[in-house]
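# A structural walkthrough
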Amino acid sequence: MPNKASAIKRVRQTERRNAVNRRNRSRLRTFIKKLRAALRKPTAEDLALVEPKKLSGVKRKTATGLQKVYLDAISVIDKSVQKGIIHHNTAARYKSRLWHRITTVLSQHKTGGTTSPTTNA
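In this text the structure is predicted, and so the values were computed from the model without any measurement.

On a plain count of helices and strands, the chain comes out with five helices and zero strands. Residues counted as buried form 29% of the 121 residues belonging to the chain. Across the chain, the fraction of contacts at a sequence separation of at least 24, relative to all contacts at a separation of at least 6, is 52%. Summing over all exposed atoms, the chain offers an accessible surface of approximately 8,400 Å²; the carbon and sulfur share of this is 52%.

Here is the structure:
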């Protein structure tokens, strides 16, 4: 246990920062899981987005289904970089893998395949 006032204050600050970082990291993981779950069981509306280009050019206000989940996940990933939770290269890797998974799922349903993608994002 620290004895000096500055060390005691430092312990309090560290505990507060750890709590904030834990919340932000948990939020990041939750949104990534939500997107993966949406990709496991896409709705008919989501499957209408056969071309991934339709997904990238959509506005947040008009987004529905998979589009909304994707935009929310990307937003949380970018905010995590700003807050120092993850490195920007890690964020780029997450976004790339999630986008690859989306295109894989959409192309599988377009061709009629029902197997789940084998890539781990």
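Below, the discussion takes up the pattern of salt bridges. A full pass over the atoms with the stated rule returns one salt bridge. Between K95 and D78 there is a salt bridge whose closest N-O contact spans 2.7 Å. Placement of K95 in helix α5 (residues 88-111) and of D78 in helix α4 (residues 66-82) is noted, with a sequence separation of 17 residues between them. Here D78 falls in the partly exposed class, since its relative accessible area comes to 31%.

Looking now at the confidence of the model for the chain. When pLDDT is averaged along the chain, the result is 84, and 78% of the positions lie at 70 or above. When pLDDT is averaged over each element of the chain, helix α1 (residues 5-40) comes out on top at 94 and helix α3 (residues 52-56) at the bottom at 62.

Summed over all chains, the structure comprises one aromatic pair. A centroid spacing of 5.3 Å and a plane angle of 50 degrees characterise the contact between Y70 and W99, whose relative ring orientation is tilted. Taken as a pair, Y70 in helix α4 and W99 in helix α5 lie far apart in primary sequence, 29 residues in all. Among the residues examined, W99 registers a relative accessible area of 25% and is labelled partly exposed. Against the face of F31 rests K34, its NZ or CZ located 4.8 Å from the ring centre.

For α5, with 24 residues, the first-to-last C-alpha span of 35 Å sits near the 34 Å given by 1.5 Å per residue. Burial in α5 covers these residues: T90, A91, L98, R101, I102, T104, V105, L106 and Q108.

On to the nonpolar core. Counting residues in hydrophobic clusters, the biggest one holds 20 residues, and the most contacted among them are L28, L35, L39, Y70, I77, I86 and I102. Looking at this core, the elements with two or more residues in it are α1, α4 and α5. Sorting elements by how many residues they give to this core places α4 first, with seven residues.

Conventions and cut-offs
Along each chain, the written sequence defines residue order, and numbers are assigned to residues from 1. Where local features are concerned, this predicted model is filtered to residues with pLDDT of at least 70; where side-chain atom pairs are given and counted, the filter is 80 or more; whole-chain, interface and lining totals use all residues. Working from all heavy atoms in the structure, the side-chain values ignore hydrogens and water. Numbering of helices and strands starts at the N terminus; helices are DSSP runs of H or I of at least 4 residues and strands are runs of E of at least 2. The buried label applies to any residue whose accessible area, calculated with a 1.4 Å probe on protein chains only, is under 20% of its type's maximum; exposed applies above 50%, and partly exposed to all values in between. Should any heavy atoms of two residues lie within 4.5 Å, those residues are considered in contact. Each accessible area value is a Shrake-Rupley result obtained with a 1.4 Å probe; residue values ignore everything except the protein chains displayed when judging cover. The term salt bridge refers to a side-chain nitrogen of Lys or Arg lying within 4 Å of a carboxyl oxygen of Asp or Glu. As a per-residue quantity, pLDDT reports the predictor's confidence and falls between 0 and 100. Aromatic rings from Phe, Tyr and Trp, with only the six-membered ring used for Trp, were paired whenever their centres fell within 6.5 Å, and each pair was classed as stacked if the ring planes differed by under 30 degrees, edge-to-face if by over 60, and tilted otherwise. In this scheme, the term charge over a ring applies when either NZ of a lysine or CZ of an arginine sits within 6 Å of the ring centre and within 35 degrees of the ring normal. Take the residue count of a helix, subtract one, and multiply by 1.5 Å to get its expected span. In these notes, a set of buried Ala, Val, Leu, Ile, Met, Phe, Trp, Tyr and Cys residues joined through side-chain atoms within 4.5 Å is what counts as a nonpolar core.

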